[in-house]
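In case you want the letters, here they are:
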Amino acid sequence: MSGKVVAVVGATGAVGREMIRTLERRNFPVKQIRFFASSRSAGQHLKFNGDDVVVEELTEKAFDNQGIEIALFSAGGDTSKQFSPIVAKAGAVVIDNSSAWRMNPEVPLVVPEVNPEDVKFHKGIIANPNCSTIQMVVALKPLHDYSRVLRIIVSTYQSVSGAGQRGIDELWDQTKNIINGKPIVSAKFPKQIAFNVIPQIDVFLENHFTKEEMKMVNETRKIMHDEHIATTATCVRVPVLRGHSESVYIETEKKISRDKALELFSKAPGIVLMDDPSTGKYPVPTESADQFDTYVGRVREDLNIENGLNFWCVSDNLLKGAASNAVQIAEIL
Ligand code: NAP
Ligand code: 3JN
């Protein structure tokens with residue numbers, strides 16, 4: 001049978017389950033599939049293309065002499081730091097969803113619509129960027145190719161699934177409890193998320209930005225091969241189940257008119273343009289959920305800055321923001 005021997009590490013998680021579905025949906029050539037998680041989930045069964053597959057415990061010996069060629073990791077940064085080098089040494093190429101390796105100069109950080117060529121310099125580990133970065137750089141790429149992007153001001157509206165299964169459960173639980181007049185518990189998020197918005201994702205750093213915001217700043221430069229792109233990000237959690245949205249303002253070297261931007265977006269890979277103010281056409285998370293593309297709309301020339309352009313983009317954070325970007329990288333391999 002042709003195809004690759006593929007492992008999904010973190011297979012029981014919110015991203016891992018989408019990786020499995022994405023391999024199925026994109027007909028990735030799989031000769032054999034293996035699922036790994038912690039000892040908590042070892043022994044569980046998950047389906048792949050209709051077959052039952054047992055979840056195995058990830059251990060330091062688990063990949064020895066198994067012939068595993070591609071390992072899709074979404075088991076958090078600490079697990080990745082410990083196991084990715086061991087798995088790469090055992091002969092697999094690791095495609096890791098955590099932030100553990102993203103800024104390591106030896107590790108390519110890849111969005112296939114933007115810098116597919118970087119895959120070539122991998123030494124066994126390839127990093128998948130943060131979900132908020134991925135959809136923004138997919139949208140920026142055609143603009144940047146036409147006229148260099150100098151400045152980015154972005155505000156994100158990030159769904160609770162970005163915080164994993166516990167984030168999804170917390171929104172449901174709080175919503176049900178509030179409707180039923182019961183007290184609520186905030187454990188995964190720093191404040192109440194139901195009927196609220198929270199301008200904090202991840203921890204605060206010394207410069208008063210959050211870690212999530214600084215990921216957008218640094219990862220954008222690395223992916224776009226431009227150390228000078230000046231990004232300011234404000235990352236906000238909103239009570240949406242699935243799909244991150246972003247309001248993006250950019251300044252470019254030469255002016256990009258709305259018509260030019262629409263033309264560039266409409267031809268770009270991975271982008272679906274939804275922009276027609278006359279019919280109220282623009283993207284929203286409920287309509288882009290479960291899709292692989294990045295949706296762009298609300299394109300406007302800035303009122304005050306000659307070379308300023310505003311747009312809105314929406315993408316499924318569990319797919320393009322994580323699982324399908326990783327599977328696309330595997331397709332390049
Ligand atoms: P999740 O729903 O909490 O799932 C975590 C997964 O990791 C589970 O399968 C869990 O297995 C497994 N795991 C935890 N500790 C492990 C260990 N020591 N050994 C093996 N497996 C272990 O979280 P998620 O939303 O899927 O996210 C997982 C990770 O993906 C995040 O921590 C983050 O690094 C990354 N992520 C990236 C993006 C992105 O922007 N690209 C977005 C979301 C998440 P058990 O069932 O055994 O606990
Ligand atoms: O909160 C979100 O919407 C995205 C979260 C991503 C995330 C969550 C926990 C750990 C990451 C990430 O991918 O940057 C990490 C991490 O690996 O640092």
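To start, this report covers the structure provided alongside it. Everything quoted here is computed from the prediction, not taken from an experiment.

### Observations regarding the overall build of the chain
Regarding its fold elements, the chain presents eight helices and 13 strands. Dimensions of the chain, computed from the C-alpha atoms along their principal axes, are close to 60 × 55 × 40 Å. Looking at the 333 residues of the chain, the share that counts as buried comes to 51%. Sequence-distant contacts in the chain: of pairs separated by 6 or more residues, those separated by 24 or more amount to 66%. Carbon and sulfur atoms form 51% of the exposed surface of the chain, whose accessible area is close to 15,000 Å². Looking at the chain, you have 38 positive and 41 negative side-chain charges, and the mean spots of the two groups are 2 Å apart.

### Side note on the site of ligand 2
Near ligand 2 you find 13 residues, and of these S99, R102, Q158, K215 and R237 are the closest. Contact between ligand 2 and R102: an oxygen atom at 2.7 Å from a side-chain N or O atom of the residue. At 2.9 Å from an oxygen atom of ligand 2 is found a side-chain nitrogen or oxygen belonging to Q158. Summarising the interface, the protein chains cover 74% of the accessible area of ligand 2, which totals 420 Å² for the free molecule. Of the residues contributing to the shell around ligand 2, the split by class is two nonpolar, seven polar and four charged.

### So, the side chain of N130
The residue N130 is located in the loop between β7 (125-127) and α3 (131-146) in this model. At 2.9 Å, the side chain of N130 forms a polar contact with the backbone nitrogen of S132. Non-local contacts of N130, meaning those with residues more than four positions away in its chain, are made with R102, E212, K215, E219 and G321.

### A closer look at the site of ligand 1
In the vicinity of ligand 1, 25 residues are found, and the nearest of them are T12, V15, S38, S41 and C131. Residue V15 places a main-chain N or O atom 2.9 Å away from an oxygen atom belonging to ligand 1. Separating an oxygen atom of ligand 1 from a side-chain N or O atom of R40 is a distance of 3.0 Å. Taken by itself ligand 1 offers 920 Å² of open surface, and the protein chains cover 76% of this. Sorting the residues of the shell around ligand 1 by element identifies α1 (14-25) and α4 (164-179) as the ones contributing at least two each. A per-class count over the shell around ligand 1 returns eight nonpolar, 15 polar and two charged.

### Some thoughts on the packing of aromatic side chains
Counting across every chain of the model gives three aromatic pairs. Here Y157 and W312 contribute two aromatic rings whose centre-to-centre distance is 5.3 Å and whose plane-to-plane angle is 65°, an arrangement assigned as edge-to-face. Of this pair, Y157 sits in strand β8 (residues 149-158) while W312 sits in strand β13 (residues 308-315), and the two are 155 residues apart along the sequence. Residue class for Y157 comes out partly exposed when judged on its relative accessible area of 35%. On the accessibility criterion, W312 (19% relative accessible area) is buried. Over the ring of F292 we find R26, and its NZ or CZ is 5.1 Å from the ring centre. Looking at K254, its charged tip hangs above the ring of Y146, at a distance of 4.3 Å from the centre.

### Considering unusual backbone geometry
The backbone of N49 shows a phi angle near 50°, a positive value even though the residue is not glycine. Mapped onto the elements of the fold, N49 is located in the loop between β3 (45-48) and β4 (51-57).

### Quick word on the sheet that holds strand β9 (residues 230-237)
The strand order β9-β8-β10-β13-β12-β11 describes an open sheet built from six strands, whose pairing is mixed. Each having just a single partner strand, β9 and β11 (271-273) make up the two edges of the open sheet. Geometrically, the sheet is characterised by an average inter-axis angle of 25° between neighbouring strands, direction not taken into account. Pairing of β8 with strand β10 (residues 244-252) involves eight bridges; the strand directions are antiparallel. Across the sheet, residue V154 finds its bridge partner in β10, namely V248. Strand contacts of helix α6 (residues 258-267): β11, β12 (294-301) and β13, with the helix running at about 170° to β12, the strand carrying the most contacts.

### What to know about the packing of α3 against α6
Contact pair α3 / α6: the axes reach a minimum separation of 9 Å and the direction vectors enclose 120°. Regarding the angle of α3 to α6, the classification is oblique. For the element pair α3 and α6, the recorded crossing hand is right-handed. Contacts between α3 and α6 involve A139, P142, L143 and Y146 on the former and, on the latter, K260, A261, L264 and F265. When grouped by side-chain class, the residues that make up the contact of α3 with α6 number seven nonpolar, no polar and one charged.

### A closer look at the nonpolar core
Counting residues in hydrophobic clusters, the biggest one holds 53 residues, and the most contacted among them are F63, L143, I152, F265 and F311. Counting residues per element, this core draws most heavily on α3, which supplies seven residues. Core analysis: the next-biggest nonpolar cluster, separate from the first, contains 27 residues, I33, F48, V55 and V93 among them.

### Comments concerning the pattern of salt bridges
Under the counting rule described, the total for this entry stands at 22 salt bridges. With its nearest N and O atoms 3.3 Å apart, the salt bridge here joins E301 to K255. Of this pair, E301 sits in strand β12 while K255 sits in the loop between β10 and α6, and the two are 46 residues apart along the sequence. Judged by relative accessible area, E301 falls into the partly exposed class, the value being 33%. A single salt-bridge network, built from bridges that share partners, covers E18, R21, R25, R242, D290 and D316.

Analysis parameters
- Residues numbered from 1 in each chain as written.
- Chains lettered and ligands numbered in written order.
- Predicted model: local features only at pLDDT ≥ 70, side-chain atom pairs only at ≥ 80, totals over all residues.
- Heavy atoms only, no water.
- Helix = DSSP H or I, 4+ residues; strand = E, 2+ residues; numbered from the N terminus.
- Buried < 20%, exposed > 50% of the residue type's maximum accessible area, 1.4 Å probe, protein only.
- Contact = heavy atoms within 4.5 Å.
- Areas by Shrake-Rupley, 256 points an atom, 1.4 Å probe, with all protein chains shown as cover.
- Lys, Arg positive; Asp, Glu negative; His and termini not counted.
- Charge placed at Lys NZ, Arg CZ, Asp CG, Glu CD.
- Near = heavy atom within 4 Å.
- Polar contact = N/O pair within 3.5 Å; in protein donor to acceptor, adjacent residues only side chain to side chain.
- Nonpolar A, V, L, I, M, F, W, Y, C, P; charged D, E, K, R; others polar.
- Phe/Tyr/Trp six-rings, centres within 6.5 Å; stacked < 30°, edge-to-face > 60°.
- Lys NZ or Arg CZ within 6 Å of the ring centre and 35° of its normal.
- Pairing = 2+ DSSP bridges.
- Axes fitted to C-alpha atoms, helices over the stretch in contact; angles between N-to-C directions.
- Parallel < 35°, antiparallel > 145°, perpendicular 65-115°, else oblique.
- Left-handed = near helix turned anticlockwise from the far one by under 90°.
- Core = buried A, V, L, I, M, F, W, Y, C linked by side-chain atoms within 4.5 Å.
- Salt bridge = Lys/Arg side-chain N within 4 Å of Asp/Glu carboxyl O.

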